[in-house]
Amino acid sequence: MTHDPGALFARAASLATDYRRGIATAPQRPAHTYLAALADWDAPTPETGTPSDAVLEELVARASPGLHAMTGPRFFGWVIGGSHPVGVAADWMVSAWGQTVGNHAASPAGAAAEVVAGRWMLDMLGLPPECSIGYVTGATMANLVGLAAARSALLRRVGWDVEAQGLFGAPEIRVAIGADAHVSVVSALQFLGLGHSRVLRIASDAEGRMEPYALAEALGAGSGPAMVILQAGQINSGNFDRFAALIPIARAHHAWVHVDGAFGLWAKAAPARAALAAGVEDADSWATDGHKWLQTPYDCGFAIVRDPEAHRRAMAFGASYLPPVNQGERDPTHYVPELSRRARGMTSWAMLRHLGRAGVAEMVERACVCARLIADEAAREPGIVIANDVVLNQAVLRFGDNDDLTLQTVARLQADGVAFAGASQWRGQWMMRVSVSGYATTEAEALVAAEAIRAAWRIIRGNNVAPPDV
Ligand SMILES: *Cc1c(COP(=O)(O)O)cnc(C)c1O
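This structure is a prediction, so every number in the text was calculated from the model and none was measured.

With respect to the overall build of the chain
- Looking only at helices and strands, the chain features 14 helices and eleven strands.
- The globule rule puts the C-alpha radius of gyration for 470 residues at 23 Å, and the 24 Å found for the chain is close to it.
- Evaluated residue by residue, the chain yields a buried proportion of 52% over its 470 residues.
- Within the chain, contacts between residues at least 6 apart in sequence are counted, and of these 73% link residues at least 24 apart.
- Distance from the positive charge centre (38 side chains) to the negative charge centre (46 side chains) of the chain: 3 Å.

Right, here's the structure in full:
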């Protein structure tokens, strides 16, 4: 058996190339459902080994029917991002190098890339340069890290060391969260002992934006430590909390402000959209993703905290009273829950280097333009209504003003395979949610997708026309 990987790596590159070249014309949905995919993989425990080239071929054969076209130009499911080829190539190098970036001695390059990519990112996002960044698996973990820093800092102000003492007997923390917050933030509260049910749920408006009067009322009704969780990019409407109105209210109550900006924070990098997030830079912590709008491959997210000491205190192993960090001593693990971890800073660096400030701005703007285009073009068909103010990359569409017809249209679109969008509940009604978050979507592709949506609706509408009376 040879350990020279040349043929294996070359074959993987060739298979990946074929896949990417075919994705635009392939159905934008998996051939197999989950249960069929389980059958595709099913096999007894291997008792003996298999040659490397055969393993690769078998992997591809077993996986292919159950792959979703997440890198496709007309894939608008969830909010996924497109795993840009530059990010993929960088990620291959990270894997080939086998780097783990717990500390800077283990991988000087991996640790240093985090510092520089982080500096570029703060610059492009217009966030304070003194912020620290933890490279995590995604916005869910970034929310957890940001809220852990909040918990630490808020309790420290009232003389409680939560890292050392835990939460038993600690002063209470009030947690204000919007009625239309993303579920991942709620799960972070659950992990942190803050509870997902004891929160103050703050009323939101028709676009899912927190109502400032309601926040003022809720915070005014009590006292003591408080955190306010805001949102840049609501998962359905794509809209933004009004930071310039909300953050001063939070400040008046000495609250820590955390922002879930999984995809929406990138609006700050696009001049024509940045006003949507005006004032977001005044928060204390932010969560955003690399694997959504920055197009790194999965997985990659960023936990950004204005006060690096609070960030570090919350995450560093067993050390509530760390010495200050000197320039050049940053250890990646001090800002994330994990110790061993892949070198996500390198993949992030590669995307930021490839796109540059102008490229990020263009890509974000293009996704927003395409979302608007898909919504407007689809809504030319009678019976299709746009149910949100399409200010960003998210559009929710409703068909025949009816849940059942909407769900049927979503299913029809998915079965046709020209474009993929999912179903979502918004304001108590079922919608087709179109999320434009992949780098590969162009205006031409958007027009093809809009026609696919109209065609799906025409079929459903035709099927549901009441037969004429005879
Ligand atoms: C996707 C998303 C999350 C969760 O991010 P992951 O990267 O999936 O962990 C949180 N908030 C919002 C608004 C999102 O869109």
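Concerning unusual backbone geometry
- Note that the residue after Y298, namely D299, is joined by a cis bond; omega there is 0°.
- Mapped onto the fold, D299 is located in the loop between β6 (285-289) and β7 (301-305).
- Even without glycine at this site, W78 takes up a positive phi of about 40°.
- Here W78 falls in the partly exposed class, since its relative accessible area comes to 46%.

Points about the sheet that holds strand β9 (residues 394-399)
- One open sheet accounts for four strands, arranged β8-β9-β11-β10; its pairing is antiparallel. Each edge of the open sheet is held by one strand with a lone partner, namely β8 (384-386) and β10 (422-426). Across the sheet, the axes of successive neighbouring strands diverge by a mean angle of 40°, strand direction being ignored.
- Both β10 and strand β11 (residues 429-435) contribute to a ladder of five bridges, which runs antiparallel. Directly across from A423, in β11, lies its bridge partner M432.
- Lying on the sheet, helix α12 (residues 344-378) is in contact with β8, β9 and β11; it crosses β9 at an angle near 15°.
- Along the sheet, helix α13 (residues 403-416) contacts β9, β10 and β11; its crossing angle with β11, the most-contacted strand, is approximately 30°.

Remarks on the site of the ligand
- For the ligand, the set of nearby residues contains 13 residues, the closest of which are T140, D260, D289, H291 and K292.
- One of the side-chain N or O atoms of T140 is found 2.6 Å from an oxygen atom in the ligand.
- The separation between a nitrogen atom of the ligand and a polar side-chain atom of H182 is 3.4 Å.
- Broken down by class, the residue content of the shell around the ligand amounts to four nonpolar, six polar and three charged.

Observations regarding the sheet that holds β7
- Strand order across the open sheet formed by seven strands is β1-β7-β6-β5-β4-β2-β3, with mixed pairing between neighbours. Looking at strand neighbours, the two that pair on one side only are β1 (132-136) and β3 (200-202), the edges of this open sheet. In this sheet, neighbouring strand axes are inclined to one another by 20° on average, regardless of whether the strands run parallel or antiparallel.
- When strand β2 (residues 174-178) meets β3, the two strands line up parallel, connected through three bridges. Among the inter-strand pairings, A176 is bridged to a residue of β3, identified as L200.
- In the packing of helix α9 (residues 212-220) onto the sheet, the strands contacted are β2, β3 and β4 (226-231), and the crossing angle to β3 comes to about 160°.
- Of the strands in this sheet, β1, β5 (256-260) and β7 are in contact with helix α11 (residues 308-315), which crosses β1 at around 35°.

What about a nonpolar patch on the surface?
- On the surface, a cluster of nonpolar side chains totalling about 370 Å² of accessible area is made up of Y34, L35 and L38.
- Along the chain, L35 turns up in helix α2 (residues 34-41).
- For L35, a relative accessible area of 63% gives the class exposed.

Section: empty space enclosed by the protein
- Under the defined criterion, the tally for this structure stands at three cavities of 30 Å³ or more.
- The space that makes up the largest cavity amounts to roughly 60 Å³.
- Around the largest cavity sit G178, D180, A181, H182, V185, G208, I229, L230, Q231, D241 and D260, which together line it.
- Sorting elements by how many residues they give to the lining of the largest cavity places β4 first, with three residues.
- Among the residues forming the lining of the largest cavity, the class breakdown is four nonpolar, four polar and three charged.

Here we look at the side chain of Q394
- Topologically, Q394 is positioned in strand β9.
- Within polar-contact distance, the side chain of Q394 engages the side chain of S435 at 2.7 Å.

Notes on helix α8 (residues 183-191)
- Of all the positions in α8, only S184, V185, V186, S187, A188 and L189 are classed as buried.
- In this fold, the buried residues of α8 make contact with α6 (139-157), β2, β3, β4 and β5.
- A positive backbone phi angle near 75° is found at G193, which sits one or two residues after α8.

Calculation notes
Residues numbered from 1 in each chain as written. Predicted model: local features only at pLDDT ≥ 70, side-chain atom pairs only at ≥ 80, totals over all residues. Heavy atoms only, no water. Helix = DSSP H or I, 4+ residues; strand = E, 2+ residues; numbered from the N terminus. Rg over C-alpha atoms; globule rule 2.2 N^0.38 Å. Buried < 20%, exposed > 50% of the residue type's maximum accessible area, 1.4 Å probe, protein only. Contact = heavy atoms within 4.5 Å. Lys, Arg positive; Asp, Glu negative; His and termini not counted. Charge placed at Lys NZ, Arg CZ, Asp CG, Glu CD. Pairing = 2+ DSSP bridges. Axes fitted to C-alpha atoms, helices over the stretch in contact; angles between N-to-C directions. Near = heavy atom within 4 Å. Polar contact = N/O pair within 3.5 Å; in protein donor to acceptor, adjacent residues only side chain to side chain. Nonpolar A, V, L, I, M, F, W, Y, C, P; charged D, E, K, R; others polar. Patch = residues over 30% accessible without salt bridge, like charges linked within 9 Å, V, L, I, M, F, W, Y side chains within 5 Å. Areas by Shrake-Rupley, 256 points an atom, 1.4 Å probe, with all protein chains shown as cover. Salt bridge = Lys/Arg side-chain N within 4 Å of Asp/Glu carboxyl O. 1 Å grid on protein atoms, 1.4 Å probe; cavity = no way out; pocket = protein on both sides within 12 Å on 5 of 7 lines; lining within 4 Å. Points joined across faces, edges and corners; volume = space filled by probe spheres on them.

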